[in-house]
Amino acid sequence: MKKDIKEKSMPVRVRFAPSPTGPLHVGGSRTALFNYLFAKKNNGKFILRIEDTDVKRSEQKWTDEIIEQLKWLGVQWDEGPDIGGDFGPYKQSQRLNIYKNYLEKFLVEDKAYYCFCSEEELESKRQEQMSRGLAPKYDGSCAHLSPEVVQKNLAEGKQSVIRFRVQNKKVKFTDLIRGEVEFDASLLGDIVIAKSLDNPLFHFAVVVDDFLMQISHVIRGEEHLPNTPRQILLQEALGFYHPIYAHLPLMLNADRSKLSKRQGDVAVADYHRQGYLPEALVNFMVLLGWNPGTEKELFTLAQLSKEFSIEKVQKAGAIFNIQRLEFLNGLYIREKPIEKLTKLCEPYLKEAGLLVAGQVSQNKLQEIIEVSKTRMKKLSDIVELSDLFFHDKPSYEKDLLKWSDMQDEDVKEALLLCDRILSDLKTWEIKNIEEALISGAGEFNKEKGYPEKNKGFLLWPLRAALSGKKTSPSPFEIAAIFGREKTLKRIQEAIKLL
Ligand code: GLU
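Residues numbered from 1 in each chain as written. Predicted model: local features only at pLDDT ≥ 70, side-chain atom pairs only at ≥ 80, totals over all residues. Heavy atoms only, no water.

A. Layout of the overall build of the protein chain. Assigned secondary structure in the protein chain consists of 20 helices and 14 strands. Over its C-alpha atoms the protein chain spans a radius of gyration of 32 Å, topping by over 25% the 23 Å that the globule rule assigns to 498 residues. Across its three principal axes, the protein chain shows a C-alpha extent of roughly 105 × 45 × 40 Å. Of all 498 residues assigned to the protein chain, the portion counted as buried reaches 51%. The contacts of the protein chain with a sequence gap of at least 6 include a subset with a gap of at least 24, amounting to 75%. When the accessible area of the protein chain is evaluated, it comes to approximately 24,300 Å², of which 51% is carbon and sulfur surface. Side-chain charges in the protein chain split into 74 positive and 72 negative, and the spacing between the mean points of these groups amounts to 2 Å. (Helix = DSSP H or I, 4+ residues; strand = E, 2+ residues; numbered from the N terminus. Rg over C-alpha atoms; globule rule 2.2 N^0.38 Å. Buried < 20%, exposed > 50% of the residue type's maximum accessible area, 1.4 Å probe, protein only. Contact = heavy atoms within 4.5 Å. Areas by Shrake-Rupley, 256 points an atom, 1.4 Å probe, with all protein chains shown as cover. Lys, Arg positive; Asp, Glu negative; His and termini not counted. Charge placed at Lys NZ, Arg CZ, Asp CG, Glu CD.)

Laid out in structure tokens, this is it:
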């Protein structure tokens with residue numbers, strides 16, 4: 001009776017099966033990614049199945065969001081609700097008749113039965129069992145009702161659910177990540193698999209779909225581990241083969257607690273909005289549990305499709321380290337061709353009201369992004385890093401202009417010198433600006449008796465005067481972008497403060 005997938009040597013077909021009850025979380029998208037990579041690596045198919053049988057909690061907007069964010073990440077499925085396929089429909093709410101047939105068959109074969117116990121009765125039994133120190137489980141009150149009683153109760157419209165007769169036995173399976181897993185099913189009691197013929201619950205729908213969609217491997221989060229023995233028992237009772245299971249490690253916060261909203265963002269859409277690049281998020285997520293076994297840390301989706309292997313996924317929880325994500329994101333940002341990066345930054349600058357149509361040329365904008373990108377961790381950082389280029393007049397305290405223990409007079413002298421050097425400069429190009437100012441800084445130090453190598457005495461006041469900020473690109477970069485007129489104007493404004 002027990003069929004094993006290996007005997008059948010099925011083609012690889014895997015699925016990501018989210019319930020559309022909220023936004024797509026990083027945990028979910030990692031599951032999708034690992035399924036996708038497993039399919040790619042094994043020339044298999046990756047299926048998106050929407051598990052929306054819980055009508056109250058499921059919403060179309062979440063299905064739309066899941067699809068949008070997965071597409072953004074580049075995790076593309078071969079079959080799914082939006083593109084169809086040979087095994088559809090791919091939304092469980094459109095498959096209710098299929099589950100109904102199996103439920104009816106199950107009832108006829110007496111592998112499942114109607115249970116009429118009320119919530120109150122069940123609760124008081126649970127309490128009673130616990131007071132005797134027993135683990136609560138269904139006591140089987142309705143397991144052997146006569147067909148007449150069942151018919152009568154149903155005809156009277158008595159509230160009921162459908163329970164699966166769980167055998168008292170040990171369930172064993174080999175998980176690709178966790179190895180041998182054994183579970184004592186006698187602890188379970190008969191489980192509820194449907195609220196009615198038209199309303200199947202999670203386990204039943206999953207088992208039927210995994211079978212009908214010919215899923216070869218079920219790769220999902222560790223939180224589903226306790227569900228697997230239940231689903232294996234259902235597969236046996238239905239005469240289905242068993243897929244091979246792989247349960248991915250939990251994702252943990254730095255303090256090893258379960259990843260949660262409280263400690264930061266968990267929705268993929270939040271990372272998307274803040275300007276994390278899909279390449280960076282994919283690279284980051286794959287390392288949450290998968291260990292390539294080398295020092296290599298940077299992987300594209302295409303490389304991963306070749307290099308990923310489920311055997312190298314660890315059992316231990318994977319720490320979600322936001323600094324690592326920021327680091328990777330910074331790298332991917334800097335790798336982008338400047339035209340593309342500029343396009344990606346534009347919406348953030350527009351939203352902040354900095355970039356107004358027609359005011360800054362595309363070339364100028366690219367120059368601004370180029371000098372700002374070294375310090376970007378995410379695209380939204382561009383606002384803070386580049387606002388100085390868009391403001392007419394920076395506002396800052398005059399003390400910002402001082403380097404080390406300089407007095408107002410010294411700062412003024414420094415700025416006047418900068419003004420002279422830059423006014424005399426023949427060609428306004430960054431190379432010339434830099435050369436002239438560096439040599440000016442040397443002379444200024446000599447004249448004032450400042451340490452020779454410390455160029456800050458000239459360059460800090462200038463940089464502060466131009467940017468109005470504690471940190472910014474170099475004064476050469478800013479001056480080159482500003483142009484002569486605006487640069488000299490900022491210097492004059494600073495001098496007036498002293
Ligand atoms: N629908 C389930 C969830 O969103 C996943 C089911 C499964 O992967 O077996 O958690």
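Picking up where we left off.
B. Highlighting the pairing of strand β12 (residues 244–248). Judged by how many residues are buried, β12 sits mostly within the fold: 5 of 5 residues are covered. Of the two faces of β12, the one holding I244, A246 and L248 and the one holding Y245 and H247 are both buried throughout. Direction of pairing for strand β10 (residues 217–221) relative to β12: parallel, over a ladder of 5 bridges. Bridged to H217 within β12 is I244. (Pairing = 2+ DSSP bridges.)

C. Up close: unusual backbone geometry. In this structure, P89 follows G88 across a cis peptide bond, with omega equal to -5 degrees. Here P89 lies in the loop between α3 (60–73) and α4 (96–108). Its identity as a non-glycine residue notwithstanding, S404 has a phi of 55 degrees, on the positive side. Structurally, the position occupied by S404 is in the loop between α15 (381–386) and α16 (408–424). Classification of S404 as exposed rests on a relative accessible area of 54%.

D. Seen up close, the sheet that holds strand β9 (residues 199–200). Judged by pairing direction, the sheet is antiparallel, and its 4 strands sit side by side in the order β4-β5-β8-β9 without closing on themselves. Of all strands in the sheet, those bounded by a partner on one side alone are β4 (112–115) and β9. Note that strand β5 (residues 161–164) and strand β8 (residues 191–196) share 3 bridges and pair antiparallel. Bridge assignment links R163 to a residue of β8, and that residue is V192.

E. Structural detail: the packing of α16 against helix α20 (residues 484–497). Between α16 and α20, the shortest axis-to-axis distance is 10 Å and the interhelical angle comes to 160 degrees. Between α16 and α20, the angle is such that the two are roughly antiparallel. Handedness of the α16/α20 crossing: left-handed. On α20, the residues that touch K412, L415, L416, C418, D419, L422 and S423 of α16 are R484, T487, L488, I491, Q492, A494 and I495. (Axes fitted to C-alpha atoms, helices over the stretch in contact; angles between N-to-C directions. Parallel < 35°, antiparallel > 145°, perpendicular 65-115°, else oblique. Left-handed = near helix turned anticlockwise from the far one by under 90°.)

F. Structural view of the site of the ligand. In the vicinity of the ligand, the contacting residues are R15, A17, P18, S19, E51, F202, R220 and H224. The contact in question runs from a nitrogen atom of the ligand to an N or O atom on the side chain of E51, over 2.6 Å. One of the side-chain nitrogen or oxygen atoms of H224 is found 3.0 Å away from an oxygen atom of the ligand. Protein coverage of the free-state accessible area of the ligand, which is 300 Å², stands at 81%. In this structure, the ligand is accommodated by the largest pocket. The residue inventory of the shell around the ligand, partitioned by class, reads 3 nonpolar, 2 polar and 3 charged. (Near = heavy atom within 4 Å. Polar contact = N/O pair within 3.5 Å; in protein donor to acceptor, adjacent residues only side chain to side chain. 1 Å grid on protein atoms, 1.4 Å probe; cavity = no way out; pocket = protein on both sides within 12 Å on 5 of 7 lines; lining within 4 Å. Sits in = over half its atoms within 2 Å of the grid points. Nonpolar A, V, L, I, M, F, W, Y, C, P; charged D, E, K, R; others polar.)

G. Highlighting the environment of V161. On the secondary structure map, V161 appears in strand β5. We classify V161 as partly exposed; its relative accessible area is 21%. Here the alpha-carbon distance between V161 and K446, two residues 285 residues apart in the chain, equals 91 Å. Once residues lying within four places of it in the same chain are set aside, the contact partners of V161 are Y113, Y114, C115, V192, A194 and K195.

H. Inspection of the nonpolar core at higher detail. Counting 57 residues, the largest nonpolar core has F389, L437, L458 and I491 as its most contacted members. With 50 residues, the next largest nonpolar core counts V12, L304, F308 and F320 among its residues. (Core = buried A, V, L, I, M, F, W, Y, C linked by side-chain atoms within 4.5 Å.)

I. Focus on the side chain of R15. On the secondary structure map, R15 appears in strand β2 (residues 13–16). In this structure R15 comes out as buried when scored by relative accessible area, which is 4%.

J. Looking closely at the pattern of salt bridges. If you walk through the whole model with that rule in mind, you get 35 salt bridges. In this structure, K71 and D82 form a salt bridge, with 3.6 Å as the shortest nitrogen-oxygen distance. Within this pair, whereas K71 is found in helix α3, its partner D82 is found in the loop between α3 and α4, the two being separated by 11 residues in sequence. In this structure, the salt-bridge partner of K111 is E109, at a minimum N-O distance of 3.2 Å. Given a relative accessible area of 26%, K111 falls into the partly exposed group. For E109, a relative accessible area of 36% gives the class partly exposed. In the salt-bridge network here, residues are joined through shared partners; they are R15, R49, E51, R95, D209 and D210. (Salt bridge = Lys/Arg side-chain N within 4 Å of Asp/Glu carboxyl O.)

Bear in mind that shape data such as this cannot, by itself, settle questions of function.
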